[in-house]
Amino acid sequence: MRTSRSRRRLVTAVAVAFAVTAGAAAAPALAAPASAPALAVAAPAAAGEAEQDAIGIRASLLRGSGPSGFLTRSKTTVDQFFWTRYADGATVTLPRGEYHGSARSDVIVRRAETDRYAVYDMSTGGAPVEIDTAFLGSSAQFLGPSGKTLVFRTSDASGNATLHLVSQEQGAEPVDRTVTGLPADTRVVRHSLSSPGVLALLHTGSVDGVSQTRLGVVDLTSGKLADSRVVPAGTGSISASDTHVAWVDGAYVVTARRGATTTVRTSAGWGTGLRVDLMGDWVTYSLPGGSTATTPSDLHALTARSLTAGNATTVKLLDTTLTAYAEAGGGLLVQGGTVAQGEGVYRIAPGADGRPAATLVADTGESTALAVTDEKLPGTIDLRRDNGEPHLSWGLNQQKAQVTLKITETATGAHGWVPVKDDDGDGTYTVFWNGELDGAGATNGAYTWTMTARPANRIGPDLIRSGSFTLDSGHGPHAYSNSFSPDLLTRTGSGRLVSYDVRRLTDNGHSAPAKDHGGGWQIYDRVIATGNVAGTTHADVLGRDRAGVLWFYQGTDTGLARRTQVGGGWQVYDKLAGGTDVTGDGRADLLAADRSGVLWLYPATGDTARPFATRKKIGGGWQVYDKLVSLNNVGGDGASRLFARDKNGVLWDYWSPGDGTFKPRRQIGGGWQRYKEIVGTGNADSDDRFDLIGYDPSHLGRTLHFYGSANASPTMFLGGRKQLSTPPALDDRNTLVF
């Protein structure tokens, strides 16, 4: 967060006095017929208060400027206004209501009721002058104040406009002067009261029988149209001073000396909503709202151009603007910002060399450059337990910034770029990391991150933040590389056990690197990826040798530990399946079908010395199947499942309620005889459901098909298949470990 950089510290005034005019009974504010309250400007701040932040103008909008102070309005509370003094920096919080300020005047106007206005002089803090404008009629529209003069527009039945200049002294009756010199059929298009004493008026009307669009200047002292010229119908922003007029014509800023026909056209570039203002011998132009703009433009900056004949000097003053009001001494008071000092109220005035310069008067506490307003940076990330919350997030002060995040594994230097999104369009940029780096599953351990954000408006430098975290997501049931990402285990023809990150296979095919787990595996006629059966956090492996002895390999961070013997006699089984929790105790159990068709359950114990408890009979008839595959949470319902393929290639689903039994089977579909191997994996596509891989050695020279799981339903558990690029090491002599 950017700290306050005000040249003058501002202090909220603690006292706002309410009084009524002499002879009026006390009553709630705005209650007719009571008078409006006086606004007493608080005394200068005590010595101990001088270091407080600029609370009065924090997150506020400039709404008027005077010799002694300026008017602002809360950005979030539309009826909350403040008056801030230059002399001591005190800020008065005004009673709630609708206030209007003007240029180069300490007078502010409060609209008390539909036809009643209270005119306050903030330099004295005295009782207001109350003006009842009901005499103007129901068509009256308040255009704004210029000092103590209120400007109104009324319309007749045909829509023709009349301008009224209304004023009133304390204790007197209101004075209504109508502006003269306007065509009878005047229609007001746009007006500007940004300079004192004059009203710039863009209007249509007939002159000598010809309807025209004209830019006029009304002298508010005389009430007369003092200058009028034809301008294009599409004229944009307008401004007038004692000496010049300025307007926007498409991509041009046009200026002219009042009363002269000669104009100067300056190419500014296209920008719908371009604003012009006059100050002395300079014209300024900018495209307001640059601090929150979502597209870049050179026009976001406040630029001043000299009006001196033959002088095309330009000066960049601010990086962004919102609004501007004329100030005493021929300057401007502008709300805007610079990358160096941030958003605030700036005084634009000639410097020692005669060129205008910007000086920060009051700080709104907002950064012009891209900045972090809030962030969520956990020290540890567990990809299994995000509960719908983002893993990393940043609140930025701009929307639609281009944000990238680079994550790097500290130990290896492996890195990848992770998507960062602002889904709600509120400037909150979130990261839901799927645990991949360059398509592979990230291993548990230490990581660093670098967030780079480029502002959409291209104002200021890129924002770069960095930090670190520890990834601790446990280990998936088929993960053999210290990650939660599942691996595909393959035994090569030479007897080596090799694993491939399934996510890398689904994304990058042949670029998937192989991890070697050692040789000698040709001694086994069956190798089974069991998941965690021995109570650690790692997935284990079983191997059955040709004598029927079952061997256990416990998983570790780096691979597999030395084998231990489970026991003999396992040659009676022709089908084995591991990796799913049938008993509901959180450990993966082993299922075995003997050659007579009886299915047996071996519950996992969590003990490496005795990994399985005594077997339990589930039931007979399983000889009709030639392949069993077990895995968890295929349908997203959390249930353990056993898939069985019959000899006709039909795949059947048996789901377990977690009590050591299975419910009656349901058919998934046919055609599965094409696969030599069917392997259950963990969550490979980041949907929190487990998946299947089928190996077809005859299709296109060996093909792996990936089946992502579908939403849980009574009839559908697997989504559409996706062809994977087969790892180079996989040939006809290899087998997939299931």
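Calculation criteria
Residues numbered from 1 in each chain as written. Predicted model: local features only at pLDDT ≥ 70, side-chain atom pairs only at ≥ 80, totals over all residues. Heavy atoms only, no water. Core = buried A, V, L, I, M, F, W, Y, C linked by side-chain atoms within 4.5 Å. Buried < 20%, exposed > 50% of the residue type's maximum accessible area, 1.4 Å probe, protein only. Helix = DSSP H or I, 4+ residues; strand = E, 2+ residues; numbered from the N terminus. Contact = heavy atoms within 4.5 Å. pLDDT = per-residue confidence, 0-100. Pairing = 2+ DSSP bridges. Axes fitted to C-alpha atoms, helices over the stretch in contact; angles between N-to-C directions. Phe/Tyr/Trp six-rings, centres within 6.5 Å; stacked < 30°, edge-to-face > 60°. Lys NZ or Arg CZ within 6 Å of the ring centre and 35° of its normal.

J.: Let's hear about the nonpolar core: which residues, and what values?
T.: With 25 residues, the main nonpolar core has Trp394, Leu396, Leu405, Ile407 and Trp433 as its most contacted residues. Elements supplying a minimum of two residues to this core: strand S32 (392–396), strand S33 (402–409), strand S35 (428–431), strand S38 (445–454) and strand S39 (463–471). The element best represented in this core is S38, accounting for 4 residues. Among residues more than four places away in sequence, those in contact with Leu405 are Leu392, Trp394, Gly416, Trp417, Val418, Val420, Val431, Trp449, Thr450 and Met451. Of all hydrophobic cores here, the second largest spans 17 residues; its members include Leu542, Ala592, Val598 and Ala604.

J.: Please set out the confidence of the model for the protein chain residue by residue, giving values where relevant.
T.: Do not read the fine detail of predicted coordinates wherever pLDDT is low. Looking at the protein chain as a whole, the pLDDT averages 84, with 84% of positions reaching at least 70. Within the protein chain, strand S12 (residues 161–167) carries the highest mean pLDDT (98), whereas strand S1 (residues 11–12) carries the lowest (35). This model gives residues 40–56 a pLDDT under 50, and the stretch forms 37 contacts once residues within four places in sequence are excluded.

J.: Residues and numbers for the sheet that holds strand S29 (residues 356–363), please.
T.: The antiparallel open sheet is built from 4 strands, whose spatial order is S26-S27-S28-S29. In the strand order of this sheet, the two ends are held by strand S26 (320–326) and S29, each with one partner. Neighbour-to-neighbour, the strand axes of this sheet turn through a mean angle of 30 degrees, independent of strand direction. Inspection of the sheet shows strand S27 (residues 332–338) paired to strand S28 (residues 342–350) by 7 bridges, in the antiparallel sense. What sits directly across from Thr338, in S28, is Gly342.

J.: With reference to specific residues and values, describe the packing of aromatic side chains.
T.: The full count for this structure, using the stated rule, is 19 aromatic pairs. One aromatic cluster in this structure is built from Tyr117, Phe142 and Phe152. Above the ring of Trp652, the side-chain terminus of Arg665 is found at 3.5 Å from the ring centroid.

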